[in-house]
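# Summary of structural features
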There are 2 protein chains.
Amino acid sequence: MKALVLLSGGLDSSTLLALAVEKYGADEVLALSVLYGQKHKKELDAARNIANYYKVSHKILDLTPIFSDSKCSLLEHSDEEIPHEEYASQLKKTNGAPVSTYVEFRNGLFLSSAASIALSNGCDAIYYGAHSDDAAGNAYPDCSMEFVAAMDKAIFLGSGEALHIYAPFEKLNKAGVVKEGLKLKVPYELTWSCYEGNDKPCMVCGTCRDRIRAFELNGVKDPIFDM
Amino acid sequence: MKALVLLSGGLDSSTLLALAVEKYGADEVLALSVLYGQKHKKELDAARNIANYYKVSHKILDLTPIFSDSKCSLLEHSDEEIPHEEYASQLKKTNGAPVSTYVEFRNGLFLSSAASIALSNGCDAIYYGAHSDDAAGNAYPDCSMEFVAAMDKAIFLGSGEALHIYAPFEKLNKAGVVKEGLKLKVPYELTWSCYEGNDKPCMVCGTCRDRIRAFELNGVKDPIFDM
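The following refers to the structure shown. (Residues numbered from 1 in each chain as written. Chains lettered and ligands numbered in written order. Predicted model: local features only at pLDDT ≥ 70, side-chain atom pairs only at ≥ 80, totals over all residues. Heavy atoms only, no water.)

Time to look at the sheet that holds strand S5 (residues 164-166) of chain A. Residue and element names in this part refer to chain A. Pairing within the open sheet is parallel, and its five strands lie in the order S3-S2-S1-S4-S5. Each having just a single partner strand, strand S3 (57-62) and S5 make up the two edges of the open sheet. Strand after strand, the sheet turns through a mean of 25° between neighbouring axes, direction not considered. Sheet topology places strand S1 (residues 3-6) next to strand S4 (residues 125-127); three bridges connect them, and they run parallel. By the bridge assignment, Ala 3 is partnered in S4 with Ala 125. This element, helix H1 (residues 11-24), spans S1, strand S2 (29-35) and S4 of the sheet and lies at about 165° to S1. (Pairing = 2+ DSSP bridges. Helix = DSSP H or I, 4+ residues; strand = E, 2+ residues; numbered from the N terminus. Axes fitted to C-alpha atoms, helices over the stretch in contact; angles between N-to-C directions. Contact = heavy atoms within 4.5 Å.)

Right, let's get into helix H4 (residues 106-120) of chain B. All names here are of chain B. Between its first and last C-alpha atoms H4 spans 21 Å; for 15 residues at 1.5 Å apiece the expected length is 21 Å, and the two agree. Buried residues dominate H4, accounting for 15 of its 15 residues. Note on H4: the residue one or two positions beyond its end, Gly 122, has a positive phi of about 70°. (Expected span 1.5 Å × (residues − 1). Buried < 20%, exposed > 50% of the residue type's maximum accessible area, 1.4 Å probe, protein only.)

Right, let's talk about the relation of the copies chain A and chain B for a bit. Relative to chain B, chain A is turned by 180° and slid 0.0 Å along the rotation axis, the superposed coordinates differing by an RMSD of 0.0 Å. What the superposition gives is, in effect, a two-fold axis relating one chain to the other. In this assembly, 100% of the residues forming the interface of chain A have copies in chain B that are likewise at the interface, indicating an isologous arrangement. (Least-squares fit on C-alpha atoms with pLDDT ≥ 70 in both.)

Residues and elements named next belong to chain A. Of the volumes computed, that of the largest pocket is approximately 890 Å³. Among the elements of the structure, H1, S2, helix H2 (42-53), helix H4 (106-120), helix H6 (174-183) and helix H7 (206-217) are those that each provide at least two residues to the lining of the largest pocket. The residue inventory of the lining of the largest pocket, partitioned by class, reads 21 nonpolar, twelve polar and ten charged. (1 Å grid on protein atoms, 1.4 Å probe; cavity = no way out; pocket = protein on both sides within 12 Å on 5 of 7 lines; lining within 4 Å. Points joined across faces, edges and corners; volume = space filled by probe spheres on them. Nonpolar A, V, L, I, M, F, W, Y, C, P; charged D, E, K, R; others polar.)

Geometric descriptors of this kind do not, in isolation, establish any biological role.
Spelled out as structure tokens, the structure:
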């Protein structure tokens with residue numbers, strides 16, 4: 001039994017990798033990270049460092065060409081600014097439609113790529129770090145648990161019943177994930193979440209706000225702010 | 001309303017393109033073809049010729065790196081030979097598991113890539129050429145109608161309910177697809193199906209056998225054999 005872990009280099013997927021390594025052992029885990037034209041490419045460096053820390057094999061896949069026509073503000077080729085406000089306010093402006101940092105079917109594409117690579121490498125599990133407040137009120141429809149269940153069914157059927165998605169954090173919120181990670185002693189100082197590609201986290205983008213709150217709720221200071 | 005058509009350059013997807021152009025008009029149709037390391041790369045030339053014939057925009061996506069670890073006999077880097085027998089006999093040898101020309105979750109990956117590109121280009125429909133005997137008795141689990149329905153659900157949910165898969169041939173077999181195509185005057189002489197990458201179709205691989213039979217059942221000679 002082998003597992004492929006989708007590893008962005010952020011907080012959730014790094015905790016996920018720690019969990020998978022604990023369960024399978026480092027030799028039976030393959031980490032996969034994806035370049036897709038994101039402004040915050042430095043999450044790939046974080047992914048590399050985390051994979052090295054856990055001594056697992058690590059693949060980096062470049063899917064940038066797929067998003068060449070995307071207008072998403074998260075992408076390097078976009079002139080649009082990344083919003084600096086809570087997802088709830090962003091959703092008011094979009095009338096409930098996906099927010100400007102939604103990358104078109106990105107997570108479906110990542111899971112499908114993961115499925116192809118997992119099957120080629122003898123894995124029967126894809127580990128996926130989605131958690132209960134990940135969809136942020138449908139700001140990101142490809143993060144909802146309903147979506148993950150639908151993808152799991154497609155992957156199970158399309159693989160000849162050889163592969164499943166596991167989302168062990170599906171019942172947890174982000175603070176719950178950090179709680180798990182603190183127990184597992186995840187080296188959070190190596191992770192990267194901020195959507196901006198600067199030296200320091202911006203502290204105001206949606207993902208910075210979520211991360212700050214998750215550590216606060218655990219009564220712990222996020223080690224990334226000591227760097 | 002715009003449609004993205006997954007176009008391999010084979011018989012089914014070329015008929016599909018003809019149908020989509022009839023319904024939407026050439027300006028509202030975007031064709032997508034994928035390079036994935038297949039031995040029969042010349043299907044891409046066929047796709048290009050068919051897209052030119054119908055005067056639609058055409059994108060070619062290279063997903064070869066995703067299959068670098070695949071052992072599938074269909075791929076250029078594989079030393080394994082493509083079986084020269086009916087799918088039923090192949091399935092006996094694999095005990096019902098996917099056959100050696102099954103490319104790991106290929107169609108799920110194609111549909112997911114199509115979803116990302118469709119959303120970036122303002123399409124609300126992905127046209128997909130799957131038909132009723134495409135799965136060949138689960139030789140290709142990522143061709144079954146159950147699989148297509150699961151992918152459709154995932155794409156609908158993951159796109160914020162903005163996109164659906166349409167598989168207009170789902171109730172037809174391959175002969176039925178050819179029947180439709182003959183009505184639509186599809187230039188079948190421009191298409192390519194054979195899994196081998198040679199000058200002439202091999203006539204004995206699974207897909208050549210299926211194609212020959214589909215034309216025979218329509219009482220028509222396949223124009224590709226006149227080339």
